Amino acid sequence: MNAAVATAVFGAFMVLTVVLGLLAVRGRGSGGGLAEWSVGGRSLGTVFIWVLMAGESYTSFSYLGAAGWGYRFGAPVLYVLAYMSCGYALGYVVGPMLWSYARRHQLVGITDMVAHRYRAPWLGAVVALLATVCLLPYIQLQITGMGVVVSTISYGAISLNWAYFIAFAVTTGFVVISGLRGSAWVSVLKDVLVIATLGFLAVYVPLHYFDGYGPFLHRIVAERPQWLTFPGHASGGLGPVWFVTTTVVNSLTVVIFPTTVAGYLGARNAEVLRRNALYLPFYNVLLFVPMLLGTAALFVVPGLVGAGSDLALFRMVVDSLPAWAVGLIGVAAALSSIVPMAVFMLVIGTMWGRSVLGARSGAGGGAAGEASGDGDGGRRTVGGRQKLWSQLVVVGAGALALALTYTAPDTLVRLSLISYEGMAQLVPMLLLGLVWRRLTLRAAVSGLVAGFALVCVLVFGGHDPVWGMNAGLVGLAVNVAVALGVTWLGPRDTDDRPDAEVLALDDEFPRDGAVAPGGAVGPTASS
């Protein structure tokens, strides 16, 4: 009976998820083009951007990994709060800069931006490949996370294999049809459930198992003090230096992560992003709940080891709550997998459909691209073709991650080790390149190759952290040093375009009604 009730609740909400994805694009037709599908027509307001970007950061890791790290290590898990908060502060500056640059040149992602900045369509394809290597593991991890959640909340009635397929089918179905706008709509449902369920658990677990927060915290201090200080319990050296360096490199990386940039570019205007950067840190408060409950599980379900510790939170939930409540909490966790997984798939599809496959359609590697449906017929045709390619790649990327989840689950998990450290190596090419004209194509590529190669050597050689530092920051330092050296010692750039065409200037895209350099008029708030 418990399995039937929990599964029925879960199934009803999965149907609602698909319906929301369909309603998101009702009345918009099928010819909206790539910009409508991939960045929501650049028309999302503050609320949608807030829930969408919060959804990208609050994944199944928050229910599984954060609780699991709290259970196994303790204090080191707080790095998540640190880097996300710092990243939001950086996003206050970086988000509007990338939005205005992309809006002016009709770009839909980071591959477009580097191709346009360095006037090298092939570079967009290279970045698409690199970003896919770093993003594909996240799809697999979200499939795995949702599978574990669904199997657990169904009391084993739904097998892991079927749960994996449900994760793939639901996500692929609505993202192919509704794109970023559908993800934003589903994010609203997800956030309502996440806030409600975590708020409930934050009160319920300490009261039910410990008679309140006082006895709970006193017990941690008395019996598990090593969980409260660095480097934590058996963490393998994740001390203060690792914490600081990881916070730095991850906060730099998160602002240029392809999924974050997709959220930036979906905004109606730059002011939406500034307000969003102020509001997002409030969402981080929720992350304390699974971290804290993970340590509570040390006393409630002791003895969990390895991957089993990721189920610490759900083991407490299933053991003590009625089936309908278990189903609701499971839905919140499942949607926390579906929303980010949808954006990951959408971004991979957009990068390949635009900068790799779309380049064959005369799109210039994504640097010129479609004109959001209001250009000439030829551009609309190209945009529609790129959208179709992107949707096909979405299905292919999801199917590949699903197949590897079944057949070689450790393959992509291994690759996930370099996800953030690897993506960090794009920071100089993108951010430094958009504010410093002298950074040449040769220098940017040389730095990227040097930094990424070093990260791979350190991570896969078992040297992360190295000297107590995050390997990604070491790679980034080498990346910047090589890029600067090649810029100063190598030949000068022969790009004859004006600065307004190459750089993301402060006044590149002015506020409503203002006149930009060269006579261009800024967009209205409703554009």
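To keep things clear, this report deals only with the structure shown in the data block.

Rules behind the numbers
- Residues numbered from 1 in each chain as written.
- Predicted model: local features only at pLDDT ≥ 70, side-chain atom pairs only at ≥ 80, totals over all residues.
- Heavy atoms only, no water.
- Helix = DSSP H or I, 4+ residues; strand = E, 2+ residues; numbered from the N terminus.
- Areas by Shrake-Rupley, 256 points an atom, 1.4 Å probe, with all protein chains shown as cover.
- Phe/Tyr/Trp six-rings, centres within 6.5 Å; stacked < 30°, edge-to-face > 60°.
- Buried < 20%, exposed > 50% of the residue type's maximum accessible area, 1.4 Å probe, protein only.
- Axes fitted to C-alpha atoms, helices over the stretch in contact; angles between N-to-C directions.
- Parallel < 35°, antiparallel > 145°, perpendicular 65-115°, else oblique.
- Contact = heavy atoms within 4.5 Å.
- Salt bridge = Lys/Arg side-chain N within 4 Å of Asp/Glu carboxyl O.
- Expected span 1.5 Å × (residues − 1).
- Core = buried A, V, L, I, M, F, W, Y, C linked by side-chain atoms within 4.5 Å.

**Remarks on the overall build of the protein chain**
- Helix and strand counts for the protein chain come out as 23 helices and 0 strands.
- If you sum the accessible surface of the protein chain, you get close to 19500 Å²; carbon and sulfur atoms cover 68% of it.

**Quick look at the packing of aromatic side chains**
- One pass over the structure, following the stated rule, counts 18 aromatic pairs.
- Arranged with centres 5.3 Å apart and planes meeting at 40°, the rings of Y138 and F344 form a pair that is tilted. Of this pair, Y138 sits in helix α8 (residues 121-153) while F344 sits in helix α16 (residues 323-356), and the two are 206 residues apart along the sequence.
- Taking the relative accessible area as the measure of exposure, F344 reaches 5% and is therefore buried.

**Thoughts on the packing of helix α6 (residues 79-105) against helix α7 (residues 110-117)**
- Interhelical geometry of α6 versus α7 gives an angle of 70° and a closest axis separation of 11 Å. By the angle class used here, α6 and α7 are roughly perpendicular. The residues of α7 that touch α6, namely those facing L98, Y101, A102 and H105, are M113, H116 and R117.

**Focus: the pattern of salt bridges**
- Under the defined criterion, the tally for this structure stands at 9 salt bridges.
- Among the salt bridges present, the one from R72 reaches D310, with a minimum N-O distance of 3.6 Å. With a gap of 238 residues between them, R72 in helix α5 (residues 65-72) and D310 in the loop between α14 (288-300) and α15 (312-320) connect regions that are remote in the sequence.
- By relative accessible area, which is 26% here, R72 ends up partly exposed.
- What makes D310 partly exposed here is its relative accessible area of 22%.
- The shortest N-O distance in the salt bridge between R274 and E271 comes to 3.2 Å. Here E271 and R274 lie together in helix α13 (residues 270-284), a separation of 3 residues that amounts to about one turn.
- Note on R274: relative accessible area 21%, which makes it partly exposed.

**Here we look at α14**
- In this model, α14 (13 residues) spans 18 Å end to end at C-alpha, consistent with the 18 Å of a helix rising 1.5 Å per residue.
- For α14, a buried count of 10 out of 13 residues is recorded, marking the element as mostly surrounded by other parts of the structure.
- Among all positions in α14, only V289, P290, M291, L293, G294, T295, A296, A297, L298 and F299 are buried.
- Taken together, the buried residues of α14 touch α4 (60-63), α5, α6, α9 (160-210), α10 (213-223) and α15.

**Remarks on α7**
- In terms of burial, α7 is largely enclosed, as 8 of its 8 residues are buried.
- If you check which residues of α7 are buried, you get I110, T111, D112, M113, V114, A115, H116 and R117.
- A positive phi of about 50° marks R119, the residue just after α7.

**So, the nonpolar core**
- Within the largest apolar cluster, 164 residues are counted, with the highest numbers of intra-cluster contacts made by L98, M113, I139, L201, L426 and M429.
- The residues touching L98, leaving out its near neighbours within four places in the chain, are M113, V255, V261, Y264, L265, L431 and L434.

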